[in-house]
Amino acid sequence: MPTFCALCVSRCGATATIRDGVFRSLEPDPGHPTGKALCMKGKAAPELVYHAERLGTPLRRTRPKGDPDPGWEAIGWEEALDTVAGRLLELSRASGPESVVFAAASPSTSAISDSIDWITRLRRAFGSPNQLVSMELCAWGRYLATSYTFGASVPGAYLPDLDHAGCILFWGYNPSLARLSHATGTVAALRRGARLVVVDPRRVGLAHRADEWLRVRPGSDGALALAIAHVMIERGWFDEEFVRRWTNAPYLVRMDSGRLLRDDAGNYVVGDELFGDVEVETAEGPVRCRPVFQLVADGCGRFEPRTAAAVTGVPADQIERTARLLWDARPVAYYAWSGVEQHADATQIARAIAQVHVLAGSFDVRGGNVLFPSVPSNPIAGVELLSDAQRAKALGLARRPLGPSRWEFVSSDDLYTAVLEATPYQVRGLVGFGANLLLAHADGRRGRDALAALDFYVHADLFMNPTAELADVVLPVASPFEAEALALGFEVSPSARSLVQLRQPIVPPRGGGRSDLEIVFALATRLGIGEHFWGGDLEAGWRHQLAPSGLTLEQLRAEPGGVRVPLETRYRRFAEEHDGRAAGFRTPTRRIELYSETLLDHGYPPVPEFSGPALGPAMRPDLTARYPLILTSAKSTWYCESQHRGLPSLRRRALEPSVELHPEAARAREIGDGDWIWIETPAGRVRARAVLNEDLAPDVVCGQHGWWQACAEIDAPGYDPLGPESANLNLLIRHEPSDPVGGSVPHRSYPCNVARID
Ligand SMILES: Nc1nc2c(c(=O)[nH]1)N[C@H]1C(S)=C(S)[C@@H](COP(=O)(O)OP(=O)(O)OC[C@H]3O[C@@H](n4cnc5c(=O)[nH]c(N)nc54)[C@H](O)[C@@H]3O)O[C@H]1N2
Ligand SMILES: Nc1nc2c(c(=O)[nH]1)N[C@H]1C(S)=C(S)[C@@H](COP(=O)(O)OP(=O)(O)OC[C@H]3O[C@@H](n4cnc5c(=O)[nH]c(N)nc54)[C@H](O)[C@@H]3O)O[C@H]1N2
Ligand code: SF4
Ligand SMILES: [Mo]
């Protein structure tokens, strides 16, 4: 049966084999735009579906939180849903709907992309402005931080046009592991002659095939991006016409206030030159000004290649070569992900990399980063259902007015603080569609205290995880292979975007599981907001969503492999004229903002800056003697985040938590390959097995997060998520310091040390 694997962001086209009513295997479907290959996780899909530890029935806690035995009692769906709705309404009445936070597993690592818009609709119709989906660790940089530059999400929504790119730039991104469809697309691009630059402290995946692999020191990416931009500007390797016409580079900045100069009519004053220093006569007298571009050049100029080499570990001549390559081989198509999103200066890094892309003039051009077309549909996330008054109550907004909370995304730190300290108000309830906060986020023990202190917590999941253990009610969720879901296009290319697929259940849900969507619709009616959910009729909701596409559910069900809607890709939309005026960009200046007054007005640097990792030697010299190494992390090929360690075919491939270190660092500490070691940071210590890796810089250590689950079939142990023998890497990380703009936490640049466990 044609289908697609929904276990991660790649959403690979696949064919499922069913024999005697049993789901046997999942194979790639080369005819599908994302179906060239499946990873081992996708191939293990039947193991996931039939796993003995899948949740089968709704559960209610009968013993107090903190008791080692929650005393789970099986209850029916009706009772479970009534209980959940009843408790949520009580909280809403007593403390306002904002006292309930809605959490979800990240759509990048789960099937939540099937339902996230509907979950968002539920939250908004309920009246809560608080959604927790790990935004500060995964997406802020790609989607929201760069909106201060482009007024659009780059490279999150404006994706790399791999099919036509001259040069592909992957920065802290390993698609061979994270998104197979991007990896196969890149290999095809290399075959036709595209060039490739990879920035990664580890030589993994496509780094082996790159023209330039830049082995950056974790957390110094901001300096590297500024240095590359510096060379491009110095040598004149930048698209001057684009920069002049479409960015605010020629606008003048008043040196007295840092604000953009305006004329008497309030219009921005555009200078003739991109560089220099001018005195401008104004009504208040002469004012010294500089063009934005000069300030950009000054900012980058602090990182001459040689200065940057010392900070980043990337040789000066390689920085020069890379700048040249990006210019010569443009258009540049880029993607940047986890490697640069988990730092305390993630916003600056995202803007600094975006700046390089702007210099190459590759925004929204064929072969650059492009907004691929979408199948017309009705939006269903329900923006209109939440009032501005409620939106203004998003946790964290007062502290970071330009951060994720502006878009209703709250961080785990915001949640824990609101529960434990009633700041800015008491949060009392949590609705979790997946997510495993205690393993995925910093300060796990504080997280446990916060979740245990909630008045009510309902968690919907396929498996019981350590976070769900703290819930009052747990709901069993159908896996994506057991549930129908609508995919309005796939991500990777314009042609993938045109495929609409109504994924069919391969087998009926095992036990009593229901899909997240069914749960959302069933809760909506019980919460008295059924009117926004077509009276609880999911099909009616889908029909509404599909209406503008002209497709029907019947047609899609009859063609489970999907139906194509012809679409046309448009480039340079910013230059399209409407009523004689170019569309421009959705920023205050209607241009790309190399210089952001919005950031300035809130006390942040208006051009990207780099001042070193918040806990690095420059900022915290007191830590270096005891913690001379830098801890970063990366995903596992075999598991998604904290999941899948219970699946035997996967667990056999990676039995134990491992941590990579350089042989020199190991030798100095008498650590041998395969030894169990402690990784220690100012926040605590956890265990892992040492794997020696010569390609790393000698002071870099790379761990894996997410270890807790056992695999009974092959006797592979579990690990205490929060105890003294834990392997939970995130016990090593504290929420503070974090990115002042977006709240990103430095999971990928933390001072550490390692020692053999004797
Ligand atoms: N197999 C598998 N696939 C997954 C997931 C999974 O857990 N397993 N998770 C899904 C999710 S949620 C996500 S977010 C994506 C993530 O996809 P990616 O972002 O590609 O994931 P990572 O491998 O964690 O990180 C990418 C690279 O960043 C590098 N890196 C580490 N520190 C730094 C640094 O300071 N600077 C730079 N430049 N690079 C650094 C790492 O060495 C790594 O190779 O993958 C998704 N797909
Ligand atoms: N040190 C370190 N920490 C990190 C990261 C890192 O690279 N290093 N990565 C960060 C990133 S990028 C992310 S996205 C977060 C991920 O954090 P989370 O989004 O919390 O992901 P998981 O830890 O995999 O937990 C997902 C849970 O959701 C459940 N689940 C899976 N599919 C579904 C579904 O379709 N419906 C429902 N209801 N439940 C489902 C799973 O069974 C599992 O219990 O972790 C972050 N934490
Ligand atoms: S990369 Fe693997 S887990 Fe992700 S969708 Fe494809 S087959 Fe499934
Ligand atoms: Mo993620």
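Residues numbered from 1 in each chain as written. Chains lettered and ligands numbered in written order. Predicted model: local features only at pLDDT ≥ 70, side-chain atom pairs only at ≥ 80, totals over all residues. Heavy atoms only, no water.

1. A closer look at unusual backbone geometry
Excluding glycine, a negative phi dihedral is what most residues carry, and trans is how most peptide bonds are arranged. Selection rule: Put simply, DSSP H or I for four residues or longer makes a helix, DSSP E for two residues or longer makes a strand, and each gets a number counted from the N terminus. With a 1.4 Å probe rolled over the protein chains alone, any residue whose accessible area is under 20% of its type maximum counts as buried; one over 50% counts as exposed, and the rest are partly exposed.
In this model, R330 is joined to P331 through a cis peptide bond whose omega is 5°. Structurally, P331 is set in the loop between α13 (316–328) and β15 (332–336). Along the chain, T423 connects to P424 via a cis peptide bond; the corresponding omega equals -5°. Mapping P424 onto the fold places it in the loop between α17 (412–421) and β17 (429–433). One non-glycine residue, R590, lies in positive phi territory at about 60°. The phi dihedral of D715 is positive, around 60°, even though this residue is not glycine. Position of D715 relative to the elements: it lies in the loop between β29 (700–703) and β30 (750–756). In this structure D715 comes out as exposed when scored by relative accessible area, which is 71%.

2. Some thoughts on the packing of α17 against helix α19 (residues 444–452)
Stated formally: For helices, the axis comes from a line fit to the C-alpha atoms of the stretch in contact; other axes are also lines fit to C-alpha atoms, and the angle between any two N-to-C directions lies between 0 and 180 degrees. The cut-offs work like this: below 35 degrees is roughly parallel, past 145 is roughly antiparallel, 65 to 115 is roughly perpendicular, and the gaps in between are oblique. Definitions for this section: a left-handed crossing has its near helix turned counterclockwise from the far helix by less than a right angle. A right-handed crossing has that turn clockwise. By definition, residues are in contact when any of their heavy atoms lie within 4.5 Å. Classification convention: Asp, Glu, Lys, Arg as charged; Ala, Val, Leu, Ile, Met, Phe, Trp, Tyr, Cys, Pro as nonpolar; all other residues, Gly among them, as polar.
Put simply, α17 and α19 touch, their axes get as near as 9 Å, and they point 55° apart. On the basis of their axis angle, the class for α17 and α19 is oblique. By crossing handedness, the relation of α17 to α19 is classed as left-handed. Residues D413, L415, Y416, T417, V419, L420 and E421 of α17 form the contact with α19, whose participating residues are R446, G447, D449, A450 and L451. Class assignment of the residues belonging to the contact of α17 with α19 gives a composition of six nonpolar, two polar and four charged.

3. Section: the domain arrangement of the protein chain
Basically, it comes down to this: Where a domain begins and ends is set by an automatic assignment or by a domain database. As a working definition, buried area equals the accessible area (1.4 Å probe) given up by two parts on being put together, with both sides summed. Any carboxyl oxygen of Asp or Glu within 4 Å of a side-chain nitrogen of Lys or Arg constitutes a salt bridge here. What qualifies as a polar contact is a pair of N or O atoms within 3.5 Å, subject to a donor-acceptor requirement within protein and to the restriction that residues adjacent in sequence count only when both atoms come from side chains.
We note that the domain assignment places domain 1 (2–50), domain 2 (59–134 + 381–564), domain 3 (153–249 + 293–370) and domain 4 (621–756) within the protein chain. Using only C-alpha atoms to locate each centre, domain 2 and domain 3 end up separated by 35 Å. Summed over both partners, the interface of domain 2 with domain 3 comes to about 450 Å²; 54% of that surface belongs to carbon and sulfur atoms. If you sort the residues of domain 2 by the area they bury against domain 3, S108, E491 and V492 come out on top, with a joint share of 85%. The interface formed by domain 2 and domain 3 includes one salt bridge. Seen at the junction of domain 2 and domain 3, the total is one residue pair in polar contact (both at pLDDT 80 or more). Residues of the side of domain 2 that touches domain 3, tallied by class, amount to one nonpolar, two polar and one charged.

4. Here we look at the site of ligand 3
Under the convention used in this document: Note on definitions. A residue lies near a molecule or strand when any single heavy atom of the residue is within 4 Å of it.
Taken together, C5, L7, C8, S10, R11, C12, L38, C39, K41, G42 and L180 make up the full set of residues adjacent to ligand 3. Residues of the shell around ligand 3, tallied by class, amount to seven nonpolar, two polar and two charged.

5. Digging into the site of ligand 1
In plain terms, the rule: Surface accessibility follows the Shrake-Rupley procedure with a 1.4 Å probe radius. Residue values consider only the protein chains on display as shielding.
Inspection of the region around ligand 1 gives 34 residues, with D200, D221, Y639, E641 and R748 positioned closest. Here an oxygen atom of ligand 1 and a backbone polar atom of K635 are 3.0 Å apart. T637 places a main-chain nitrogen or oxygen 3.4 Å from a nitrogen atom of ligand 1. Taking 910 Å² as the accessible area of ligand 1 by itself, protein coverage stands at 99%. Put simply, the parts of the chain that give the shell around ligand 1 at least two residues each are α7 (175–178), α14 (338–341) and β25 (629–633).

6. Overview of the packing of aromatic side chains
So the rule is basically this: Classification of ring pairs uses Phe, Tyr and Trp, with its six-membered ring standing for Trp, and accepts pairs whose centres are within 6.5 Å; under 30 degrees between planes counts as stacked, over 60 as edge-to-face, and the remaining range as tilted. In this analysis the charged atom, NZ for Lys or CZ for Arg, is taken to sit over a ring once it is within 6 Å of the ring centre and within 35 degrees of the ring normal.
Applying the stated criterion across every chain, the model contains 26 aromatic pairs. Where F363 meets F585, the ring centres are 5.6 Å apart and the plane angle is 50°; that geometry is what we call tilted. Taken together, the residues span a long stretch of sequence, with F363 in the loop between α15 (346–359) and β16 (369–371) and F585 in the loop between β24 (581–582) and α24 (597–601) at a distance of 222 residues. Classification of F585 by relative accessible area gives buried; the value is 5%. Between R503 and the ring centre of F4, over which it is positioned, the NZ or CZ distance is 5.0 Å. Here the guanidinium or amino end of R687 rests over the ring plane of W676, the centre of that ring lying 4.7 Å away.

7. Some thoughts on the sheet that holds strand β10 (residues 195–199)
Within a sheet, neighbouring strands are paired by backbone hydrogen bonds and run either parallel or antiparallel to one another. Operational definition: In this analysis, strands are considered paired if DSSP registers two or more bridges between them.
Strand order across the open sheet formed by four strands is β11-β10-β9-β15, with parallel pairing between neighbours. Each edge of the open sheet carries a strand with a single partner, namely β11 (212–214) and β15. Each adjacent strand pair in this sheet contributes to an overall mean axis angle of 10°, direction not counted. Judged from the three bridges that link them, β10 and β11 form a sheet pairing that is parallel. If you follow V199 over to β11, its bridge partner there is L214. In the packing of α15 onto the sheet, contacts are made with β9 (167–171) and β15, and the angle to β15 comes to roughly 170°.

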